[in-house]
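Working through the structure, step by step
Residue strings, one per chain:
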Amino acid sequence: MTIMEEKMVPTTAPVIEKRTYGGFLKNNVREYGMLLSLVAIMVFFQVMTDGTLLRPLNLTNLVLQNSYIVIMALGMLLVIVAGHIDLSVGSVSGFIGALAAVLMVNYNWNFVAASLACLVAGAIIGGAQGWFVAYLKIPSFIVTLAGMLVFKGLALALLQGQSIGPFPEAFQLLSSGFIPDVFNGESLRISSVVLGAVVAAVLFGIKLRERVAHVRHGMEEEPGFFFLAKQAVFAFVIVWFCWLMASYKGLPNVLIVMFVLMLIYDFATRRTTIGRRIYALGGNVKAARLSGIKTERLAFGTFVNMGVLSALAGLVFAARLNTATPKAGLGFELDVIAACFIGGASASGGVGKVLGAVIGAFVMGVMNNGMSILGVGIDYQQVIKGIVLLAAVCVDVYNKNK
Amino acid sequence: MTTETLQTAAAPAASGAPILEMRGIRKTFPGVVALDNVNLAVMPGEIHAIVGENGAGKSTLMKVLSGVYPHGTYEGEIRFDGAERRFSGIADSEACGVIIIHQELALVPLLSIAENVFLGNEPARRGLIDWVEAHRRTRELLAKVGLKESPATLVTNLGVGKQQLVEIAKALAKRVRLLILDEPTASLNEKDSEALLDLLLEFKQHGIACILISHKLNEVKRVADGITVLRDGASVQHLDCRAGEVSEDQIIRAMVGRELADRYPPRPRLAPDAGETVFEIRDWRVHHPIHAEREMVKGVNLKVKRGEIVGIAGLMGAGRTELAMSVFGRAYGQKISGEVRMHGQPIDVSTIQKAIGHGIAYVTEDRKGLGLLLEDDIRHNVSLANLKAVSSRGIIDGGAEFAAAADYRRKLNIRCKDVLQQTVNLSGGNQQKVVLGKWLFSKPELLILDEPTRGIDVGAKFEIYSIMAALADEGKCILMISSEMPELLGMCDRIYVMNEGRFVGEFASADATQERIMRSIVKQGSDA
């Protein structure tokens, strides 16, 4: 089909502005700002805790403590980008933890079968809530507020107010296991370091390929210097972290799960049609619908996805505690939602990035961890976290209006 | 005759001191000079029109005047009523009697007329609102603006035209001395527009000065005493209508800074009986989405031939948009019946996906609300309706997508820094081109254009017309809905006239005149 081979409107083409370092920084202050503030917070606590923060043991704990928040933040980001919210994720993850305990401990299910059943249950829960939101057009805030109460109650009912545990050894490995060391390193888990190096190299290769393609189409904005510096820092940080953790027990299994999920969701949001359509849905639902996007099905899908990730987070958390308690999942939704907003997602939908949400989750995590080491009480921890959330969003809004 | 006052302080043509004078106004935003050396003088009791292309700085100038951009954020001087004014906010300017009515009406839909009229200005005694007094005064004000509604009516139940009148009543309640109207008739039908302009003329008798911002030059010509033309942020000409006839061409010339030989691109018109029928609708019926008993489209038959531009004329609410959107995948209405054919074969258009798949594209009349992802860039907007073309197995090829967007940017001459620019920052005409680009990228056979030039400036209109002509030349079918009869007459091969859900007339372009179209609407109306 030949749509308009020739240029139809004879007028002068506008001059393309020359790109400058300063201009680029200004336009991307958000992305670099996020990363820099995470680094700043880490440096701050590293100094304040006399180096405790980045000790291998603590670093490993930090990852383990935040893994379930990060996992849920991935799903929550999609929900928020689609223009919705899910308040039920904490309750759902708690409920799934309870379900897992009942299946594995009381009914002696195999841990694989039980885990799969739990993930399916998560999908069904997410689907049920998504159905109300997407097809009955009931505000997600209300639907998931109801879900929050329902599943908190169901978790209590399922556990009959008791804690159930312990879990089978094999299941515990999900959270407390580390990748095996094939090299039998004495004080250093060499395979963890090697894996880190390989991952860093592969990521660098992928980014470089992407950039070459972008430059070919003239769509690259980032100056080459920034690109190289960013990638170098990134690769260094990955290898360094792996090294640190390798000097303790190596890379935790859950870190691998989390990292793989993060890569998948980052790719899905940036490069797939589904991801693009979710952004369109949140940006302008009517325009998206008139562009032939099945908006209801898509919104439904984001909730199903959220349900599955909540279930996974529930399993990780249960495996970490090695017991299912009625209090599991309490207040998780707050950390998860805060992570997304700190990471730059917009409450009105259509805006937000997976890496932002992950960084946001770690900002919260590092603050939790750092303040605990410093002996700041749980009372003021919450105050400080609240203020940081508000400040992050204020900076965001300010930058946008500038 | 015109008095040219290029780059000098606007010289009032009539005797006496102007009520408003703006001198040497300059306003910059980071990296952009929005206004530079703008001069404006409005005489007491004068209707003064400000015209200019989109992006010429009209709205910015009014924001400076009304205090939205407070004193100190701009350079220059504002004199109102003989004294220099330094407004620090809207409340300040309103206290002086300068009241602005924005294009997007600022009424609270779920409050009553009286509540809206006195919003922020409630007649109160010791903090308690005196509703009896408020309703009494509202009734007086409504009588002045000629609106026969109870003050207790909720604003949401009024049409746009009546809402506009409520806005004006609200301005009157604040003892307006200078009324600023930004595109007041953009969303009004012809009758309501006329009534509104008459009202302005009546206010003039009472000594209320008025600044009218409008793209509709016939309206400007009808009511304006003086015209200030803005171009690229500067006041380039002051035209005095009292001194003699000012022609539309004269205004347009000043607006675009060049001769505009023809407002429509020349195109060979299709002979009425020539060509192959590509698209056809038979006995199409649509019911209102909420009130199922109301039939909005009542048995419409329509044909579009290869390379033909077919217009649908009619007043607002005639059912034209309803017809178009219901055909486009049932995006409007319920209990839809009838048949749609493409190349003689009946096609299934029960969902938007299927309609797009069959080569139908619908360019909405509401580009901000229904057309664009404003927070997203040009690239993503262009590819949205046809992501398949730039992806394989669900994975988008970023390079191909960028190239496609850049291609349409070039072909449609979208003025922007690059295709990574957010669409919210584009002017109306360029936004419209982005929406057009999106639908052209979906490779349609039939393009339905709903008010394609609404709210965009003369230069951009010509570009849109040129694009339409080129598309028709390539053999695409174009169905154009428009409330502006001149553009239908200027562009279409054939025109259907729609009224109250029915087609009440059909004209070949050679036979169509504004009068004949209007007559067929009115005639049908009187029969009913």
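All figures in this text were calculated on a predicted structure; none of them were measured in a lab.

Conventions and cut-offs
Residues numbered from 1 in each chain as written. Chains lettered and ligands numbered in written order. Predicted model: local features only at pLDDT ≥ 70, side-chain atom pairs only at ≥ 80, totals over all residues. Helix = DSSP H or I, 4+ residues; strand = E, 2+ residues; numbered from the N terminus. Rg over C-alpha atoms; globule rule 2.2 N^0.38 Å. Buried ≥ 20, exposed ≤ 12 C-beta atoms within 10 Å, placed from the backbone. Contact = placed C-beta atoms within 7 Å. Expected span 1.5 Å × (residues − 1). Nonpolar A, V, L, I, M, F, W, Y, C, P; charged D, E, K, R; others polar. Pairing = 2+ DSSP bridges. Axes fitted to C-alpha atoms, helices over the stretch in contact; angles between N-to-C directions. Core = buried A, V, L, I, M, F, W, Y, C linked by C-beta atoms within 7 Å.

Attention shifts here to the overall build of chain B. In terms of regular secondary structure, chain B is built from 17 helices and 24 strands. The C-alpha radius of gyration of chain B comes to 25 Å, within 12% of the 24 Å expected for a compact globule of 528 residues. Principal axes of the C-alpha set define a box for chain B whose edges measure 70 × 50 × 50 Å. Sorting the 528 residues of chain B into buried and exposed places 49% on the buried side. Restricting the contact set of chain B to residue pairs at least 6 apart, pairs at least 24 apart contribute 68%.

Okay, the overall build of chain A next. Counting its regular elements, chain A contains 16 helices and 0 strands. Dimensions of chain A, computed from the C-alpha atoms along their principal axes, are close to 75 × 55 × 45 Å. Here chain A holds 402 residues, and 43% of them are scored as buried. Pairs at least 24 apart in sequence give 79% of the contacts found in chain A among residues at least 6 apart.

We now examine helix α5 (residues 160–173) of chain B. Residue and element names in this part refer to chain B. Taking 1.5 Å per residue, 14 residues should reach 20 Å; α5 reaches 20 Å between its end C-alpha atoms and fits that length. By the criterion of burial, α5 is predominantly enclosed, with 12 of the 14 residues buried. Buried residues along α5 sit against β6 (98–101), α3 (113–117), α4 (131–145), β9 (178–182) and α6 (190–205). The positive-phi residue at the C-terminal boundary of α5 is R175, with phi of around 55 degrees.

Before going further, it helps to examine the interface of chain B and chain A. Chain B puts 41 residues into the contact, and the matching count from chain A is 34 residues. In terms of residue class, the side of chain B that touches chain A is built from 20 nonpolar, 11 polar and 10 charged.

Here we take up the sheet that holds strand β3 (residues 47–51) of chain B. Residue and element names in this part refer to chain B. Here we have 6 strands laid out as an open sheet, ordered β6-β9-β10-β3-β11-β12, and mixed in their pairing. Both outer strands of the open sheet, β6 and β12 (234–240), are each paired with one neighbouring strand and no more. On average, each strand axis in the sheet is inclined to that of its neighbour by 20 degrees, with strand direction left out of account. Pairing geometry for β3 and strand β10 (residues 209–213), over 4 bridges, is parallel. The residue of β10 that forms the bridge with A49 is L212.

All names here are of chain B. Reading across the sheet, the 4 strands line up as β14-β13-β16-β17 and stay open at both edges, with antiparallel pairing between neighbours. Two strands in the sheet have a free side with no partner beyond their single neighbour: β14 (295–305) and β17 (345–347). Across the sheet, the mean angle from the axis of one strand to that of its neighbour is 15 degrees, orientation sign disregarded. Here 8 bridges tie strand β13 (residues 277–287) to β14, and the two strands are oriented antiparallel to one another. Each residue of the ladder has a partner; that of T277, found in β14, is K305. Those strands touched by helix α9 (residues 320–327) are β13, β14 and β16 (334–342), and its axis lies near 70 degrees from that of β14.

Our next topic: the nonpolar core. In a soluble, globular protein the nonpolar side chains are often hidden away together inside. Judged by nonpolar contacts, the single largest core of 186 residues is most densely connected at M72, A73, M76 and L77 of chain A together with I448 and I478 of chain B. The leading source of residues in this core is helix α13 (residues 295–321) of chain A, at 16 residues. For I448 of chain B, the contacting residues outside a window of four places in its chain are A324, F328, I360, A361, Y362, V363 and L479 of chain B. With 75 residues, the next largest nonpolar core counts M43, Y74, V176 and L217 of chain B among its residues.

Now for the pairing of strand β18 (residues 360–363) of chain B. Residues and elements named next belong to chain B. Alternating positions in β18 separate into two faces, I360 and Y362 on one and A361 and V363 on the other, with burial throughout. Pairing of β18 with strand β21 (residues 446–450), which is carried by 4 bridges, proceeds in the parallel orientation. By the bridge assignment, Y362 is partnered in β21 with I448.

This part takes up the pairing of strand β11 (residues 226–231) of chain B. Residues and elements named next belong to chain B. The element β11 is largely enclosed, with a buried count of 5 among its 6 residues. As paired elements, β3 and β11 share 4 bridges and run parallel to each other. Residue pairing in the sheet places A49 in a bridge with I227 of β11. Relative to β12, β11 runs antiparallel, the two being bridged by 6 bridges. Bridge assignment links G226 to a residue of β12, and that residue is D240. Linkage of β11 to β12, two consecutive antiparallel strands, is achieved through a turn of 2 residues, within which D232 is found at a positive phi near 50 degrees.

The next point concerns unusual backbone geometry. Cis geometry is found at the peptide bond from G165 of chain A to P166 of chain A, where omega equals -10 degrees. One non-glycine residue, K137 of chain A, adopts positive backbone phi at about 60 degrees. Counting through the fold element by element, K137 of chain A comes out in the loop between α5 (111–134) and α6 (140–159). For K137 of chain A, a count of 9 C-beta atoms within 10 Å translates into the label exposed. One non-glycine residue, E500 of chain B, lies in positive phi territory at about 45 degrees. As for its placement among the helices and strands, E500 of chain B is situated in the loop between β23 (494–499) and β24 (502–508). Under the C-beta neighbour-count criterion, E500 of chain B is labelled partly exposed, with 18 such atoms within 10 Å.

All right, on to the environment of D493 of chain B then. Residue and element names in this part refer to chain B. The topology assignment puts D493 in the loop between α16 (485–491) and β23. Each C-alpha atom, one on D493 and one on G307, is 9.5 Å from the other, the two residues being 186 residues apart in sequence. Those residues in contact with D493 that lie beyond four places of it in its chain are R269, L270, E308, I309, V310 and S509.

Residues and elements named next belong to chain A. One way to put it is that helix α10 (residues 253–271) packs onto helix α15 (residues 354–374) with a least axis distance of 8 Å and a crossing angle of 140 degrees. Contacts from M262, Y265, D266 and T269 of α10 reach α15 at V354, L355 and V358. Looking at side-chain class alone, the contact of α10 with α15 contains 5 nonpolar, 1 polar and 1 charged residues.

Between the first and last C-alpha of helix α15 (residues 458–473) of chain B there are 23 Å, a value that for 16 residues agrees with the 22 Å anticipated at 1.5 Å per step. Taken together, the buried positions of α15 of chain B are V458, A460, K461, E463, I464, Y465, I467, M468, A470, L471 and A472 of chain B.

It is worth spelling out the environment of A510 of chain B at this point. Residues and elements named next belong to chain B. Examined against the element boundaries, A510 turns out to sit in the loop between β24 and α17 (514–527). Taking the number of C-beta atoms within 10 Å as the measure of exposure, A510 has 9 and is therefore exposed. With 241 residues separating them in the primary sequence, A510 and R269 have C-alpha atoms 8.9 Å apart.

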